[in-house]
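Coordinate analysis (summary)
One letter stands for each residue in the lines below.
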Amino acid sequence: MLYPRIGIRPVIDGRWGGVREGLENQTMLMAQGAKNLIECLKYPDGTPVQAVLSPTTIGGGAEAALCEEHFAMHNVVATLTVTPCWCYGMETFDMNPLTIKAVWGFNGTERPGAVYLAAVLAAYAQKGLPAFGIYGHDVQDASDTEIPADVNEKILRFVRCAVAIGWMKNKAYVNIGGVSMGIMGSYCDTMAFQKYFGIRTEWVDMTEILRRIKLEIFDPNEFAKAIAWVKTHCSEGYDCNAGKVLPEVITRSRTIPAEEDWPFIVKMTLIMRDILFGNPKLAQLGWHEEALGKNAIAGGFQGQRHWTDWLPNADFTESIMASTFDWNGPKAPTAFATENDTLNGIAMLLGSMLSQTAPCFHDVRTYWSPASMKRVAGRTPVGQASDGIIHLINSGATALDCTGASRDAHGNPIMKPFWEMTDVDISACLQATDWCRANYEYFRGGGFSSHFKTQSEMPVTLLRVNMVDGVGLVLQLAEGSTVVLPEEVHKCLDDRTDRTWPTTWFAPRLTGTGAFQDVYSVMANWGANHGVTVYGHIGVDLITLCAMLRIPVCMHNISAENIYRPHCWASFGTMDTQAADYAACKHYRPLYD
């Protein structure tokens, strides 16, 4: 794989005869320190992020060009310019319009690195090339090689977001099927994917799954392994259809007998994965085209209703695709959208890449006020739930990591990157989940839905991407926590919906103003029926990433002092930073436009 790399540009005062020679060592140490820091991060596949040093310090245009030629051979998607001194701004800056840019100017008094930082950021702004500024809060001595904590934080945030952009570029979003039940998010906007993310969009008709099942275009050995794993680890739960007298239109719609649901569903899962990513085993079976896959990074499955009215649903498929494990053990999660909600699919992808945890797909179903909880369940909520909660519940397809069953080294609940998942974690997630027969009134074709409740209180970020006419893409986010309710309260509230689906109770962090005045306001301002949670509070990273992509953030609960955007955003206004964000994104247009 050609990994997206970060290029480090050590720029220097170009005056020979004592000045430049005396700065070479300090400048290269600064660059090497940044490289060491960056390479502690990981790509979404768990391998270390790669940084590339310029072959020389850059004192003028000739060396800047030499650096650019070097970076062009190494798939550099973003550059970090570092300097402890004054340099010639227009001669040394990164003028490649295709790279994402940041500049770290050393805060020291011996040489004016901060002066260069200010000068070159002004040049970038005047040239229409947004760049992030990095400037330490406290003055350092020239001999100090330590990267201050605030500089460290900004470098890592810049790199995490730049790597995510490089990781997406030239990949594909694969729509399996089309639009589900008139959901507008299922209408995949191919130009938006191309212009904002550099992602190709492809479509595969759902009949392709039936073709591959009929012609056995899947690895039979892996099917045997997967179905054995399912029989051992996927226990069946509550059957809401038992005892019901169902209308004839439902009973006559079933084409797969109930006892054959699991084999059919496992084959579906293998096939959808192969469609997205390819599988060399298929070439050995004589299916060379199918073995290639679609070079996907994400996808979605229409399902309802052209599939689920007569065939088993894909809840298991979607749950396992998004989880950090399957029958082969730990594996990278895949952003795979229920109902092919492509806008929620891209939110799954962004959240998963930044958090490096499983993306959990939800319906943003119900706001429960304290008064309503008291009236229905007979108890006044306390703790995280005391201001009210939002019921996140999906029609049976959410990553099993969302159970909250994994534990860190100290026994605390956590959602982990896949490379940290242990056999104990995987077993705990599976034991916390049962698989309920699909509600035939919703899913006439049968299937199974993942069923669990998030059993631990964990920090999470809820996010969603929306498309708004006249604006384009916007992102909204709410940092908060999962909530554990007393069992009797949970059951009372949860049983009012669908007992076969997974539930997460969510309490957003309130600010007392705007959309975060109270929990009701968060629910009222949410832009669609779906959202995604990922582990941890990643709102600051999402805001930085969106600025790189030119996607305004319409709703967030992040403190102003923590927001990190390109330096030129301030020139669009400092009093109303949200208006400035909208204005800057409109002016600079989508990243690949």
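Just above, that's the structure.
Everything in this summary refers to the structure shown in the same document. Because the structure is predicted, anything quoted here is derived from the model rather than measured. (Residues numbered from 1 in each chain as written. Predicted model: local features only at pLDDT ≥ 70, side-chain atom pairs only at ≥ 80, totals over all residues. Heavy atoms only, no water.)

1. Here we look at the overall build of the chain
Regarding its fold elements, the chain presents 20 helices and 20 strands. Relative to the 2.2 N^0.38 estimate, which gives 25 Å for 593 residues, the radius of gyration of the chain is 26 Å and therefore close to what a compact globule would have. Across its three principal directions, the C-alpha atoms of the chain cover 90 × 65 × 50 Å. The contacts of the chain with a sequence gap of at least 6 include a subset with a gap of at least 24, amounting to 76%. In the form shown here, the chain has an accessible surface area of approximately 23300 Å², with 53% of it arising from carbon and sulfur atoms. In the chain, 48 side chains carry a positive charge and 62 a negative one; their mean positions are 3 Å apart. (Helix = DSSP H or I, 4+ residues; strand = E, 2+ residues; numbered from the N terminus. Rg over C-alpha atoms; globule rule 2.2 N^0.38 Å. Contact = heavy atoms within 4.5 Å. Areas by Shrake-Rupley, 256 points an atom, 1.4 Å probe, with all protein chains shown as cover. Lys, Arg positive; Asp, Glu negative; His and termini not counted. Charge placed at Lys NZ, Arg CZ, Asp CG, Glu CD.)

2. Description of the packing of aromatic side chains
The description of two aromatic rings rests on the distance between their centres and on the angle between their planes. In total, this model carries 23 aromatic pairs according to the counting rule given. Here F93 and Y124 contribute two aromatic rings whose centre-to-centre distance is 5.2 Å and whose plane-to-plane angle is 40°, an arrangement assigned as tilted. With F93 in the loop between α3 (89-92) and β4 (100-105) and Y124 in helix α4 (residues 113-127), this residue pair connects regions lying 31 residues apart in the sequence. Each member of the pair, F93 as well as Y124, is classed as buried. Judged by centre distance (5.5 Å) and plane angle (35°), the ring pair of Y442 and W501 falls under tilted. One end of the pair, Y442, is in the loop between β14 (434-437) and β15 (448-451); the other, W501, is in the loop between α17 (487-494) and β18 (503-508), with 59 residues separating them in the sequence. For W501, a relative accessible area of 5% puts it in the buried group. (Phe/Tyr/Trp six-rings, centres within 6.5 Å; stacked < 30°, edge-to-face > 60°. Buried < 20%, exposed > 50% of the residue type's maximum accessible area, 1.4 Å probe, protein only.)

3. A closer look at empty space enclosed by the protein
On inspection of all chains with the given rule, the structure shows four cavities of 30 Å³ or more. Within this model, the largest cavity holds a volume of roughly 80 Å³. Surrounding the largest cavity, 13 residues form its lining, G303, Q304, D315, E318 and T338 being those nearest its centre. The residue makeup of the lining of the largest cavity, split by class, is three nonpolar, seven polar and three charged. (1 Å grid on protein atoms, 1.4 Å probe; cavity = no way out; pocket = protein on both sides within 12 Å on 5 of 7 lines; lining within 4 Å. Points joined across faces, edges and corners; volume = space filled by probe spheres on them. Nonpolar A, V, L, I, M, F, W, Y, C, P; charged D, E, K, R; others polar.)

4. Some points on helix α5 (residues 149-168)
For α5, built from 20 residues, the straight-helix expectation of 28 Å at 1.5 Å per residue is met to within 8% by its first-to-last C-alpha distance of 29 Å. Of all 20 residues that make up α5, 14 are buried, and the element is covered over most of its length. Just downstream of α5, N170 is the residue with a positive phi angle, here 70°. (Expected span 1.5 Å × (residues − 1).)

5. A closer look at the nonpolar core
Residues W104, M168, I176, F197 and F316 are the most contacted members of the largest nonpolar core, which totals 127 residues. A total of twelve residues in this core trace back to one element, the largest contributor, which is α5. Excluding anything up to four places from it in sequence, I176 contacts V204, M206, I209, M272, I275, L276, G300, F301, Q302 and F336. In terms of nonpolar packing, the next biggest core, distinct from the first, is built from 20 residues, F93, Y116, L117 and L129 among them. (Core = buried A, V, L, I, M, F, W, Y, C linked by side-chain atoms within 4.5 Å.)

6. Focus: the sheet that holds strand β2 (residues 51-53)
Spatially, β2-β1-β3-β4-β5 is the arrangement adopted by the five strands of the open sheet, whose pairing is parallel. Single-partner strands in this sheet number two, and they are β2 and β5 (131-134). Strand-to-strand twist across the sheet, computed as the mean angle between neighbouring axes with direction ignored, equals 25°. Across four bridges, β4 lies against β5 in parallel orientation. Counted as the bridge partner of W104 is I134 from β5. Most of the contacts of α5 go to β4, to which it runs at about 165°, and overall it touches β1 (5-10), β3 (76-83), β4 and β5. (Pairing = 2+ DSSP bridges. Axes fitted to C-alpha atoms, helices over the stretch in contact; angles between N-to-C directions.)

7. Points about the state of the cysteines
For the structure on display, the rule yields zero disulfides. No disulfide involves C546; its nearest neighbouring cysteine sulfur is the one of C585, lying 7.9 Å away. Judged by its relative accessible area of 1%, C546 is buried. No disulfide involves C568; its sulfur sits 10 Å from that of C585, the nearest cysteine. (Disulfide = S-S within 2.5 Å.)

8. Details of the pairing of β4
Summarising burial for β4: six of the six residues are buried, a large majority. Where burial is concerned, the two faces of β4 agree: the one with I100, A102 and W104 and the one with K101, V103 and G105 are both buried.

9. Examining the sheet that holds strand β8 (residues 296-301)
What the four strands build is an open sheet, ordered β7-β6-β8-β11; its pairing is parallel. The open sheet has two edge strands, β7 (200-204) and β11 (335-338), and neither has a second partner. If you compare each strand with its neighbour and ignore which way they point, the axes differ by 20° on average. By the bridge criterion, four bridges tie β8 to β11 in an arrangement that is parallel. Counterpart to F301 in the pairing with β11 is T338.

10. Here's the deal with the environment of F132
Relative to the helices and strands, F132 is located in strand β5. In this structure, the C-alpha to C-alpha distance between F132 and T544, residues 412 residues apart in sequence, is 9.6 Å. Beyond its immediate stretch of four places on either side in the chain, F132 contacts K101, A102, V103, L121, F158, T544, M548, Y564, R565, P566 and H567.

11. Considering unusual backbone geometry
Residue Q304 is joined to R305 through a cis peptide bond whose omega torsion reads -5°. Along the chain, R305 falls in the loop between β8 and α13 (315-322). Of note in the backbone geometry, R589 takes a positive phi value of approximately 65° without being a glycine. On the secondary structure map, R589 appears in the segment after α20 (577-588).

12. Thoughts on the side chain of K35
In this structure, K35 sits in helix α1 (residues 19-38). Each residue touching K35, except ones within four places of it in the same chain, is listed here: I8, A51 and L53.

13. Some remarks on the pattern of salt bridges
Considering all chains together, one arrives at 31 salt bridges under this definition. In this structure, R20 and E24 form a salt bridge, with 3.1 Å as the shortest nitrogen-oxygen distance. With R20 and E24 both in helix α1 and four residues apart, the pair spans about one turn of that helix. When its relative accessible area of 3% is taken as the criterion, R20 is described as buried. Here E222 and R273 are joined by a salt bridge, their closest N and O atoms 2.8 Å apart. Taken together, the residues span a long stretch of sequence, with E222 in helix α8 (residues 220-233) and R273 in helix α10 (residues 261-277) at a distance of 51 residues. Residues E222 and R273 agree in their burial class; the two are buried. (Salt bridge = Lys/Arg side-chain N within 4 Å of Asp/Glu carboxyl O.)

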